[in-house]
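# Understanding the architecture of this molecule
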Amino acid sequence: MKHLSRLAFSDRKVFMLLVLTSVLIGATIIGQSYFFVAIVDRIFLGEERFQDILPLLAGLLAVLAGRTLFTWMNGRTGITLASKAKRYYRQSIIEKYARNPVQASLQGQSGRKVSVLMDSVDEIDGYFSSYIPQMIQTMIIPLMILIVVFTQHIYSGLIMVITAPFIPLFMAIIGVMTKKKSEEQMEKLNTFSGKFLDTLQGLTTLKLFGRSKQQKEEIESSSLGFRDATMEVLKVAFVSSLMLEFISMLSIGLIALEIAIRLVVYESVSFFTAFFILILAPEFYLTLKDFGSAFHTGRGASGAANLMTEELEKEEEHIQWGDEKLEAEHPPALELDQVSFSYDKGFALEGLTATIKPYDQVAIVGKSGAGKSTLLHLLAGLAKPSSGVVALHNRSLFDYAEREWFSRVSYISQHPYLFSGTIAENIAIGGRGDHSKEEIQEAAERAGIAELIASLEKGYDTPVGEAGRGLSGGEKQRLALARTFLKKPSVILFDEPTTGLDLKTERILQASMEELAKTATIITVAHRLHTIKKADQILLLDRGHLIGIGTHEELLETVKEYRDMVTVQQGGDSA
Amino acid sequence: MKELREVIRLVVLEKRDIVLSIVFGFLAGMSAVGLFGASGYLISRAALIPPLYALTVLIAFLKLFGFARALGRYAERYFSHRATFTILSNLRLAFYKKIEPHAPRVFQKYRSGDLLSRIVGDVESLQNFFLRVYYPPVVLVIIFLGTIVFTSIFSISVALVLLLGLIVTGLMIPAWYTVRQRKLTPRVRHARGVVSTEAAEWLYGFRDLKIYQQLEEKKETLQQSSDDYIREDERNSRQMLSSHSWNTFATLLVSWVVTGLGAFLVAEGDLNGLFLAMLVMISLTVFENAAPMAVLPSHLDDSKQASERLFSIVEEDNRGSDTYKIDGELAPSFQLTNVSYRFPNEEREALTGVNVTIPSGSKTAIVGASGSGKSTLLQLFMKFQLPSEGEFMLNGMDITDISEESIWENSNVVLQENHYFYGTIRENLQLAGQDLTDEEMNLVLEEVGLDFDLDQPVFEKGENLSGGERQRLSIARAFLKGKRVWLLDEPTSSVDALTERRIFNSLYERASQDTVVLISHRLSGLEKMDQIIVMAEGKVVEAGSYDNLMQKQGYFYEMKQIEKNIFST
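Residues numbered from 1 in each chain as written. Chains lettered and ligands numbered in written order. Predicted model: local features only at pLDDT ≥ 70, side-chain atom pairs only at ≥ 80, totals over all residues.

For the rest of this paragraph, the subject is the overall build of chain B. Helix and strand counts for chain B stand at 19 helices and 12 strands. Computed over C-alpha atoms, the radius of gyration of chain B comes to 35 Å, more than 25% over the 25 Å expected from 2.2 N^0.38 for 569 residues, which places it beyond the range of a compact globule. Seen through its C-alpha atoms, chain B measures out along the principal axes to roughly 115 × 60 × 45 Å. Scored against the burial criterion, the 569 residues of chain B give a buried share of 48%. Within chain B, residue pairs in contact and separated by at least 24 positions form 77% of the contacts whose partners lie at least 6 positions apart. (Helix = DSSP H or I, 4+ residues; strand = E, 2+ residues; numbered from the N terminus. Rg over C-alpha atoms; globule rule 2.2 N^0.38 Å. Buried ≥ 20, exposed ≤ 12 C-beta atoms within 10 Å, placed from the backbone. Contact = placed C-beta atoms within 7 Å.)

Written out as structure tokens, the structure is:
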């Protein structure tokens, strides 16, 4: 919440504008009351002619127009402020996410992040567009009215001063008294409100078991339960506004009574003053009541604000790239020197040392959770080692310019991501953006996906991704290959799929890797025996430690764990 | 308004609460008018110094109006909200009744997972229809009519001005903004959709974008569209503000006219000056009730959209007829001739020219890579879909003419995604039959290797169970159902190999005389099957017994080699 109010008051101009318009609204409220009263007074008691009050009527019209105009301006300022705040938060959060090393972004929760970026940001709107302007108005307008009333009639002013604090006081008392009860009800509400979705989601199962009809009663009873629980919560809110209404009503009545008696019995106030105060009093309490409802809007934003603050204050480890150029001709020599990687849960990798020569084919092998993917991310420069160095030509990877490195490396994951756009665009994302149609088609050809694309009505222009049609796992894999063929990288990082793909893709994958190996260093998180057997070097990981390094034959001879793994696999038709 | 016909029909069911809301709304509104009118009169009266008792009566009235207004407002809120939530319950029920007969089909048609939460959101948003659209205008009109009748006692022309004010603030301005809103809302919604898609893409595709050096560029696009969305949203808020402002100005203008006209009439001697203050106060107060009209356009628009979306989901779909029922005593046979299937709105066929014969009591396995059409094929067996082309015979009858309920009733199905309800293990098992004994259930749990207590709680969607436990619970349900055909879609993909073998042994024992169709994610353990159907790209590429296929050294054989080659880690 602090974050929000700091932001709200950071722009002095906007703040001053809100104050100014609030003062003007206050002034027009007072002016409006004055003119109404003056007109009635002159006509009713002064028995003046209609022509005589024409200037007053004109004045009233101007004041009314002014009140509308200033209210509008005040609201508009609030809206602008809200837009500015939303823009600020969304930008900051995007920036924050963009800076995060990929490892952090892979720790999942992409769905939650989308929701923070969309819903939480949208939810703070009310805080800026209605709470802040209303709060400023409440601090200014009642005070102005009070001053005017005091100049007119001290006792009415005193009644106002005494009664006004009861409004926030009662709000607080009711809030405290009902807090526990509302919390109880909220829990109930959550159970009931999920029921409908739960039933709809289970409808297929219910139908298969012939139970869907009976669910109607379930839905009805949970809906009615939801209603009753909601009403319990709402009743509290209604009672509190009833109390507020009573307080303001009582106070207005008190004021009316007081001035009427003074008017009649003591004849100590004029009709003008009495009527004037009578019109001003409701405006006084109205502003206070309005603040009550705006207060709820403001409170509603606090949850969203906390979420965003939490996200923004998360620690980050920024990767700083250098500006060294990278020699383009051959794949680089890669070296891991005592590389460790840890995150909040503990060590993922500890003290890894290895050398990868140009054109090497390296297989990373190990049980799940051994740190294979983490190693691949470190090699890709997507994450920074906690200690140790990933070196390239004997210099730290991060000495080179980011662009230099990434334009030479490809990463093929188990589930390549399709972006919404056409197939051609999805292939071209691999390259440098200046590829001819022919080059894209050639890449598709080599990745064995050209035939499929040709069979589609729109061919290369077929939309895929979010909005378009889906591709099967094997087809996505081949599309990722096409990206790689187009990019012609000198280092390829490949996370081999753990399950069997269709035969066609399996064959293409194998052939393509052999072809790509001619021009690149390939480092594979390997799940296939043939990949492992033909590797120049195998890195065997176990719970974050490198426990074996060498060729298949070497490891078979020297490392027991490796031998066990392969034996289990080959007799592996156990399932 | 035709989009809302169904909703209105459901709203008017709650007659009692609606009438009470309107009555108390009227009472509250009228009391406010009375309160302020009376205070205006009181003050004028006081100025002329009448006897004190007259004032006392008036002040008593004042208090009465004050309490009536506060209590009326409370009761109005109470009843209108209660009506709203009862209506919400009716809406849910009506929608459920409507979607229930179409259930699995509709869901398959919209393959996106968020369909259901969208439905729930739409139903929820319709609760505003009664509260913000339906009854406020009714209350408004009655209050105004009451006020106008009262005012006309003193001055016909002032009453006419109020009537005019009602037409402008209650009808013309909202109507004008309703029209404008219609243009604006889709734009905001569209802009939001764009941002949400781009944000999802940016976050889910983060790694690929980073490697392909597109992260910065896409970030800028995302920020750009976020700005667009904020701008559209700002326009929308400004529009609401201007609707609100014009409405306020119109009401203030009416009070101004009433004041001027009243002053003129008094000056001319056509109106007793005593009533002038009262009329001014009335005109200032009565328009307080017009305030809800400012938010009406956007709620009306929302309700229309929601209602349209909801009731278009269940458009008539082709589900054949219910002419025949299948005999539960017999193990069914299936015969597919040249069956093809294409999902609505998709270009490629999911299944092409499938020929499969499954004799009664036989055991069939379907294998193939992900996306090869295995699950789609199984959906045809359950009549979740009808073939787009070709002939699908069940027990020698065209499946089109067989009642889907009778198919479901007589099959033991385990899908990839099964549903579990909030409750206990017992309740979740009893789906298979209300009169199952604890003994039977415990026995089956043991068979699938689950060491569960029947009273153990199951959270929503089985969240407190592991994937393997959920699958085994589903298999237990199928075991308990004990019908003559088994349709199983990768039922043990998250179960360890040892338990899997145990479960299958149980299954073969229980199903020795039954027809079994099993989609298998593994190629091992299929030796006992009568036939294995191998699928690729929506076609059947091979079929035969295990030995057959292995001897042939074709597609299945090669898949088998690859599987052997893969390290399961």
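Anyway, onward from the coordinates.
Moving on, we get to the overall build of chain A. What chain A contains, in helices and strands, is 21 helices and 12 strands. Over its C-alpha trace chain A gives a radius of gyration of 36 Å, far above what one expects of a compact globule, namely 25 Å for 575 residues. Principal-axis analysis of the C-alpha atoms gives chain A an extent of 115 × 60 × 50 Å. A total of 575 residues make up chain A; the buried ones form 45% of that total.

Our next topic: the sheet that holds strand E6 (residues 411-414) of chain B. All names here are of chain B. Spatial ordering of the open sheet is given by E6-E9-E10-E3-E11-E12, a layout of six strands whose pairing is mixed. Lying at the two open borders of the sheet, with one neighbouring strand each, are E6 and strand E12 (539-544). With strand direction ignored, the average angle separating the axes of adjacent strands in the sheet is 15 degrees. Here five bridges tie strand E3 (residues 363-368) to strand E11 (residues 531-536), and the two strands are oriented parallel to one another. Among the inter-strand pairings, Thr364 is bridged to a residue of E11, identified as Gln531. Lying over the sheet, helix H19 (residues 555-565) contacts E11 and E12, oriented at roughly 80 degrees with respect to E11. (Pairing = 2+ DSSP bridges. Axes fitted to C-alpha atoms, helices over the stretch in contact; angles between N-to-C directions.)

Glancing now at the interface of chain B and chain A. Each partner contributes to the interface: chain B provides 113 residues, whereas chain A provides 116 residues. Its residues assigned to classes, the side of chain B that touches chain A comprises 59 nonpolar, 29 polar and 25 charged. (Nonpolar A, V, L, I, M, F, W, Y, C, P; charged D, E, K, R; others polar.)

Moving on to the domain arrangement of chain B. Assigned domains within chain B: domain 1 (2-188 + 239-312) and domain 2 (334-410 + 483-565). Summarising the inter-unit geometry, the C-alpha centres of domain 1 of chain B and domain 2 of chain B are found 61 Å apart. (Domains from an automatic or database assignment.)

Let us look at the environment of Val40 of chain A. Structurally, Val40 of chain A can be placed in helix H2 (residues 12-44). Residue classification places Val40 of chain A among the buried positions, given that 31 C-beta atoms sit within 10 Å. Once the C-alpha coordinates of Val40 of chain A and Ile124 of chain A are considered, the two residues, 84 residues apart in sequence, prove to be 45 Å apart. Here Val40 of chain A is in contact with Phe275 of chain A together with Leu276, Ala277 and Val280 of chain B, once residues within four sequence places are set aside.

Turning our eyes to something else, we now look at the environment of Ala94 of chain B. All names here are of chain B. With respect to the helices, strands and loops of the structure, Ala94 is situated in helix H3 (residues 52-99). You can call Ala94 partly exposed: it has 18 C-beta atoms within 10 Å. For the pair Ala94 and Thr352, spaced 258 residues apart in the sequence, the C-alpha separation amounts to 38 Å.

With that settled, the discussion passes to the pairing of E6 of chain B. Residues and elements named next belong to chain B. A two-sided burial pattern is seen for E6, the buried positions comprising Ser411 and Val413 on one face and Asn412 and Val414 on the other. Across four bridges, E6 lies against strand E9 (residues 485-489) in parallel orientation. In the strand pairing of E9, Val414 is matched with Leu488.

This paragraph deals with unusual backbone geometry. Residues and elements named next belong to chain B. Phi angles above zero are rare outside glycine, and Gln213 is one such case at about 60 degrees. With respect to the helices, strands and loops of the structure, Gln213 is situated in the loop between helix H8 (206-211) and helix H9 (215-268). Non-glycine residue Asn338 carries a positive phi angle of around 50 degrees. Following the sequence through the fold, Asn338 ends up in strand E1 (residues 334-341).

With that settled, consider the domain arrangement of chain A. The accessible area lost on association of the parts is a frequent measure of interface size. Assigned domains of chain A: these are domain 1 (1-147 + 299-318) and domain 2 (334-570). If you average the C-alpha positions of domain 1 of chain A and of domain 2 of chain A, the two centres end up 52 Å apart.

As a further point, take helix H12 (residues 374-381) of chain B. Residues and elements named next belong to chain B. Counting buried residues in H12 gives seven out of eight residues, a clear majority hidden from the surface. Residues of H12 that are buried include every one of Lys374, Thr376, Leu377, Leu378, Gln379, Leu380 and Phe381, and no others. Directly after H12, the chain includes Lys383, whose backbone phi takes a positive value near 60 degrees.

Residues and elements named next belong to chain B. Chain-level statistics for chain B give a pLDDT mean of 87 and a share of 96% at 70 or above. Of all the helices and strands in chain B, helix H4 (residues 103-109) carries the lowest mean pLDDT, 68, while strand E10 (residues 515-519) carries the highest, 95. Interface confidence for the predicted complex, expressed as ipTM, amounts to 0.84; the pTM equals 0.81. (pLDDT = per-residue confidence, 0-100.)

Residue and element names in this part refer to chain B. Along the chain, Glu349 falls in the loop between E1 and strand E2 (351-358). The class of Glu349 is partly exposed, set by 18 C-beta atoms lying within 10 Å. Here the alpha-carbon distance between Glu349 and Gly373, two residues 24 residues apart in the chain, equals 9.4 Å. Ignoring anything within four residues of it in the chain, the contact list for Glu349 reads Ser340, Tyr341, Arg342 and Gly538.

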